[in-house]
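# A closer look at the structure
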Amino acid sequence: MSYIKNLRVFIRVVELGNLSAAGRDQRASPAVASNRIKELEKHLGVRLFNRTTRKLTPTEHGRVFYEGAVKIIEAVEEAEAAITDILQNPKGALRITAPLSLGRTLIGPSIPDFHAKYPDIEVRLRLSDHEVDIMSEGVDVAFKLGILENSNLRMRGIMNCERIICAAPQYLERRGTPQTPDDLINDKHDCLLLRFPGSKEYYWTLQTPEGLRKFEIAGPYDSDDSDVLTQWALSGHGLINKPLFEVKQYINEGKLVPVLTDTPPASIQLAAIYPHKRFLDPKIRLIIDYMAERCHRRINEILKS
């Protein structure tokens, strides 16, 4: 930006013919204005002004450079105006993704209101429980429950979400209620897992008196759709490890029963993941801010119900 400031001072010196007047115009002292002209002359390797005691007049090099400098400043001001317009009137397409359940319950229902507030932004939502390659698939923002593993991406944490292990009453009547985490393995409980190519969830991490421990649980079947796991659990086919807000309604209705509440699963972070960019697209900031507020409010409402 210092070079642009130098150009602005130079242009005003040419137009006003006076260093002090140009400095005042650009809110700089005469000494600062003089240094900016000297920096330009040093950079270009030519003298830009003929100096007299009363007036500065541009040299031939100065006149040529003035014409180019004016075009540069006009282009910069036009670009700045365009950015200002984008900030005040954001427009364009936003490609976002989210896990199926999160997308259906929180992200998807909020899209129409977001569009009503920013009608020039088109939102293209894709839901999948698979790991999405943000860079190769051209995703602008991924809302996910988990941790950031790609150093080429940036993450904004939204909130930590409590998780819970639960099962339908009929499953617990048939198989018994696990009293300790080790019972999951020793009693060969049917643990329903979210699995797909590249999935890392082959164990559950629980909070024990000894600290966080990983338990390599197993089950008769798994799925790449987390909502399918919930339906299996509701039908009495096994235990699920879920964010509490996703199953709170079923717990309130008695359709699912929490177990191992003294040694619950480690909480999971709800976060927004986006490509690392030097200048963050204002549309990305707007959708993250909007969804963060909506998710906070809605999850807290669910947990208080």
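Above this text is the structure in question.
If you're wondering where the values come from, they're calculated on a predicted model, not measured in any experiment. (Residues numbered from 1 in each chain as written. Predicted model: local features only at pLDDT ≥ 70, side-chain atom pairs only at ≥ 80, totals over all residues. Heavy atoms only, no water.)

Broken down by element type, the chain carries eleven helices and 14 strands. Taken along its principal axes, the extent of the C-alpha atoms in the chain is 100 × 40 × 35 Å. Excluding contacts between residues fewer than 6 apart, the proportion of contacts in the chain whose partners are at least 24 apart in sequence is 74%. When the accessible surface of the chain is split by element, carbon and sulfur atoms take 50% of a total near 17000 Å². Here the chain contributes 42 positive and 40 negative side-chain charges, whose respective centroids are spaced 10 Å apart. (Helix = DSSP H or I, 4+ residues; strand = E, 2+ residues; numbered from the N terminus. Contact = heavy atoms within 4.5 Å. Areas by Shrake-Rupley, 256 points an atom, 1.4 Å probe, with all protein chains shown as cover. Lys, Arg positive; Asp, Glu negative; His and termini not counted. Charge placed at Lys NZ, Arg CZ, Asp CG, Glu CD.)

Glancing now at the side chain of H189. One can find H189 in the loop between α8 (181-186) and β8 (193-194). By relative accessible area, which is 3% here, H189 ends up buried. Here H189 is in contact with Y171, R175, G176, P178, D183, L184, A218 and L239, once residues within four sequence places are set aside. (Buried < 20%, exposed > 50% of the residue type's maximum accessible area, 1.4 Å probe, protein only.)

On to the packing of helix α10 (residues 244-252) against helix α11 (residues 282-304). With their axes 9 Å apart at the nearest point, α10 and α11 run at an angle of 30° to one another. As for how α10 packs across α11, the hand of that crossing is left-handed. Taking contact as the criterion, the partners of L244, F245 and K248 in α10 are, on α11, I299, I302 and L303. Across the contact of α10 with α11, the residue classes break down as five nonpolar, no polar and one charged. (Axes fitted to C-alpha atoms, helices over the stretch in contact; angles between N-to-C directions. Left-handed = near helix turned anticlockwise from the far one by under 90°. Nonpolar A, V, L, I, M, F, W, Y, C, P; charged D, E, K, R; others polar.)

As a further point, take helix α9 (residues 226-234). Listed as buried for α9 are S226, D227, L229, T230, A233 and L234. Taken down its axis, α9 places every buried residue within 155° of arc, on the same side. Each element contacted by the buried residues of α9 is listed here: α5 (100-117), α7 (169-175), β8, β11 (222-223), β12 (240-243) and α10. The positive-phi residue at the C-terminal boundary of α9 is G236, with phi of around 85°. (Arc of directions from axis to C-beta.)

Further remarks concern unusual backbone geometry. Phi at R27 takes a positive value of approximately 55°, unusual for a residue other than glycine. Within the fold, R27 resides in the loop between α2 (19-25) and α3 (30-44). The phi angle at L260 is positive, at roughly 55°, despite the residue not being glycine. Along the chain, the position of L260 falls in the loop between β13 (257-259) and β14 (268-275). Judged by its relative accessible area of 7%, L260 is buried.

To continue, consider the nonpolar core. I107, F114, V141, F143, C161, L270 and I287 are the most contacted members of the largest nonpolar core, which has 31 residues in total. Contributing elements (two or more residues each) for this core: β3 (92-98), α5, β5 (141-145), β6 (153-161), β14 and α11. In this view, I287 contacts L94, F114, V141 and F143; residues no more than four positions away in its chain are not counted. (Core = buried A, V, L, I, M, F, W, Y, C linked by side-chain atoms within 4.5 Å.)

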